[in-house]
Structure formats: C-alpha cells, structure tokens
Amino acid sequence: MLTPTADIVAAARAAGRGVGAFNVIQLEHAEALVAGAEKAGAPVVLQISENAVKYHGALEPIAQATLAVARASTTPVAVHLDHATDVGLVRHAVLLGFGSVMYDASVMSYVDNVAATTEVVRHCHERGVYVEAELGEVGGKDGVHAPGARTDPDEAAAYVASTGVDALAVAVGTSHAMLTRDATVDFGLIERLRATVPVPLVLHGSSGVADDDLRRAVEAGMTKVNIATQLNKAFTAAVRAHLEANPAAVDTRKYLGAGRDAVATEVARLLAVLGA
Ligand code: G3H
Ligand code: ZN
C-alpha cells in the first residue's frame, strides 16, 4: 500500500532498522523493488531521480506507473523524488502525490543552500510532504568520485534548525555510482551526526558499501539507505547472461524479465542486510 515516507522512516528509526530506498528507472524496476520488499516482508522507498526524469523526458508517466505499483503492493511502499535541483519538478511531484522529495542544493554555498531549501520545505510542508535535503556534497553523480567530502555535525544541526528539513543526506565517505563495494565509511562521524542532528540521516551512494558496513552504518545511526547502482549491476548482468545464452532472443519480456527477477532477489537480500 502507498504509505507516507514519514511513517516508514520514523518506524525504522524508532526500531533501529534501516530503510532501503531504491531507484526506479523503468517500470520493471518498480515491479522488482516491490516484489523484493514483499518477499522480505519489509517496507521500501521507491525513488525517481531528476536524472531518470530527464531520461524519460517527463515525470508523469514513470511517476504514475510507480505510484500504481506502490498502491497495489501488500507491503508499505513510499514514493520519493530523488536528487531534485529543479523546484518546478519538486512542485510537480507534490501535485502527483509523492510522499517525499529530496531537494538537492548541496552544490550551493551554505547560505544559498539554506535559503533555497527553506523555501522548498515551506511549500512541501503546507501540502503534507516530507523533505530530505543534503549538506556536504556526496560526490560521484557526475562520474567524479569524491569520497573525501564530510558533513560537519554542528553545521548539520544548525542547517536542520534553519531549514526545517525532515531528513538529512550526509557525506560520510561514500560516493555515488561505485562499481566496487569498498567505500571507507566514517562510522565515528555517523555516530557524531546521529547524536547532534535531530532528524533521520540518509546514506547516499550505498552501492559502494559492503554488506557488513551497511549493517554497521545502520547501527551507528543511518536510517534511509539509498541504493541504485548495485541494482543496475544485477539487472544488466542478468540481461547480458540471458542474451548470451539465447542469442536469437527477440521478445523483450524474456530478457527484461530476467533482469527484473535478479533485481527482486537482490532487493530482498539487501533489505535483510538492513535489518528490515
Ligand atoms: O540517491 C541515490 C543514491 O544515492 C544511489 O547511489 O547508485 O551509488 O547506490 P548509488
Ligand atoms: Zn544519492
């Protein structure tokens, strides 16, 4: 069932569990994420990034499909807009019924980030929508890995107080789009952020984090754990294997179905790692 992100994240935080937040690019991703969550008996966040919207050329078709898949699920499913820099896109997601948005002003100066994010929070909160923001840029979105970025706990606490955001993405050693799971996570910093920042913390670039370190990150204080690349690896490997084994294949359902099954299996496994 479609469930507010606020409810899913708050319940996980209270229980000391992680919430898996996985990216939807095609319809098959949404179907696979829900199948995996149902298999794990866990709630899940389906997130659509601004980059995925650019790929499709519009938000509404992929958003309506994702919302429909979420409504039909037997487990709680939230729908979230990921890494939005365009305020118009945030407003559109709110109108469509998303439970949450991530407004990403992390490349801005602190002062500009606070001003822009505060305005987004005002708009979203008036409409009952939960807002995640980012402070301390988690690199890798542009292919440039910058695992050295760090979020300062005191600045993060001040940022949350000034903007009123509901959840905060922090830089603790991860980087987006890593193909190897060997990021060096700063667990001490996660503990300090957890002690200083009053809202749930979000780990981005979690594909680069090994299973044991995902568990430790949740124990140290992370709640929402964003994973995309790891699932694309699973999807593409299964499609590639299917096409290699069936070189005459032409029915897209055969190889996309293999990719969808592989993602569902990996999602169920990751949700178990996160303690769901
Ligand atoms: O917002 C999405 C994530 O941070 C996913 O990052 O592709 O490195 O797992 P990833
Ligand atoms: Zn991210």
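All figures in this text were calculated on a predicted structure; none of them were measured in a lab. Once a new chain begins, its residue numbering starts again from 1 and follows that chain's sequence as written. Each chain gets a letter, beginning with A, and each ligand a number, beginning with 1, in the order they are written. Residues qualify for local features only when their pLDDT is at least 70, as the model is predicted, and side-chain atom pairs are given and counted only at 80 or more; totals for whole chains, interfaces and linings, by contrast, use all residues. Derived side-chain values reflect all non-hydrogen atoms in the structure, with water molecules and hydrogen atoms excluded from consideration.

(A) Just the sheet that holds strand E6 (residues 167-170), in detail. In spatial order, the strands read E1-E2-E3-E4-E5-E6-E7-E8; together these eight strands close into a barrel with parallel pairing. Strand-to-strand twist in this sheet, taken as the mean axis angle between neighbours without regard to direction, amounts to 25°. Between any two strands, at least two bridges found by DSSP are needed for them to pair. Helix and strand assignments follow DSSP, with helices taken as H or I runs no shorter than four residues and strands as E runs no shorter than two, numbered in order from the N terminus. Both strand E7 (residues 201-203) and strand E8 (residues 222-227) contribute to a ladder of three bridges, which runs parallel. Across the sheet, residue Leu-201 finds its bridge partner in E8, namely Met-222. The axes used here are C-alpha line fits, helices contributing only the stretch in contact, and every angle between their N-to-C directions lies in the interval 0 to 180 degrees.

(B) Structural view of the site of ligand 1. Distances are taken per atom, and a residue is near a molecule or strand as soon as one of its heavy atoms is within 4 Å of it. If you check the shell around ligand 1, you find 14 residues, and the closest are Asp-82, Ala-177, Gly-205, Ser-207 and Thr-229. Pairs of N or O atoms within 3.5 Å make up the polar contacts considered here, provided that, within protein, one atom can donate a hydrogen while the other can accept it, and that residues adjacent in sequence are counted only when both atoms are side-chain atoms. In the environment of ligand 1, an oxygen atom lies 2.5 Å from a nitrogen or oxygen atom belonging to the side chain of Thr-229. Accessibility throughout is a Shrake-Rupley quantity obtained with a 1.4 Å probe, and a residue counts as covered only by protein chains that appear here. When ligand 1 sits alone it has 310 Å² of accessible area, and the protein chains cover 95% of it. Space inside and on the surface of the protein is sampled on a 1 Å grid over the protein atoms alone, with a cavity defined as a set of points where a 1.4 Å probe fits but cannot get out and a pocket as an open set with protein on both sides within 12 Å along at least 5 of 7 lines; lining residues have an atom within 4 Å of a point. Throughout, a molecule is located in a cavity or pocket provided that more than half of its atoms lie within 2 Å of its grid points. Placement of ligand 1 is best described as lying within the largest pocket. Put simply, the parts of the chain that give the shell around ligand 1 at least two residues each are strand E3 (77-84) and E8. Of the residues belonging to the shell around ligand 1, the class tally is three nonpolar, ten polar and one charged. Nonpolar residues are Ala, Val, Leu, Ile, Met, Phe, Trp, Tyr, Cys and Pro. Charged residues are Asp, Glu, Lys and Arg, and all others, Gly as well, are polar.

(C) Here's a closer look at the packing of helix H2 (residues 27-40) against helix H11 (residues 252-273). Two numbers describe how H2 lies on H11: the axes approach to 7 Å, and their chain directions differ by 40°. The angle between H2 and H11 falls in the class oblique. As for how H2 packs across H11, the hand of that crossing is right-handed. Taking contact as the criterion, the partners of Glu-28, Glu-31, Ala-32, Leu-33, Ala-35, Gly-36, Ala-37, Lys-39 and Ala-40 in H2 are, on H11, Leu-256, Arg-260, Val-263, Ala-264, Thr-265, Val-267, Ala-268 and Leu-271. Residue composition of the contact of H2 with H11, by class: eleven nonpolar, two polar and four charged. Here roughly perpendicular refers to angles of 65 to 115 degrees, roughly parallel to angles under 35, roughly antiparallel to angles over 145, and oblique to all remaining angles. Crossings are sorted by hand: turned counterclockwise from the far helix by less than a right angle, the near helix makes the crossing left-handed, and turned clockwise it makes it right-handed. Contact criterion: two residues are considered in contact whenever any of their non-hydrogen atoms come within 4.5 Å of each other.

(D) Quick peek at the coordination of the zinc ion (ligand 2). For the zinc ion (ligand 2), the full set of protein donor atoms is His-83 (NE2), His-176 (NE2) and His-204 (ND1), and the range of their distances to it is 2.0 to 2.1 Å. A donor here means any N, O or S atom no more than 2.8 Å from the metal (3.2 Å for Na, K and Ca); water is not included, so a site may seem to lack partners. If you list the donors of the zinc ion (ligand 2) from N- to C-terminus, the spacing comes out as H-x92-H-x27-H. In this pair, His-83 sits in strand E3 while His-204 sits in the loop between E7 and helix H9 (211-220), placing the two residues 121 residues apart along the sequence. Buried residues are those whose accessible area, probed at 1.4 Å on protein chains only, stays under 20% of the maximum for their type, while exposed residues exceed 50% and partly exposed ones sit between those limits. Owing to a relative accessible area of 12%, His-83 belongs among the buried residues under this scheme.

(E) Just the UniProt feature "active site" (unreviewed entry) in the protein chain, in detail. When the UniProt feature table is mapped onto this chain, "active site" (unreviewed entry) is found at Asp-82. Tracing the backbone through its elements, the reader meets Asp-82 in strand E3. Once residues within four sequence positions are removed from consideration, Asp-82 is found in contact with Asn-23, Gln-47, Ile-48, Ser-49, Glu-50, Met-102, His-204 and Asn-226. UniProt positions are given in the numbering used here, feature names are shortened, and annotations may be inferred rather than shown by experiment.

(F) Fine view of the environment of Pro-61. Assignment of secondary structure puts Pro-61 in helix H4 (residues 60-71). For the pair Pro-61 and Leu-27, spaced 34 residues apart in the sequence, the C-alpha separation amounts to 9.7 Å.

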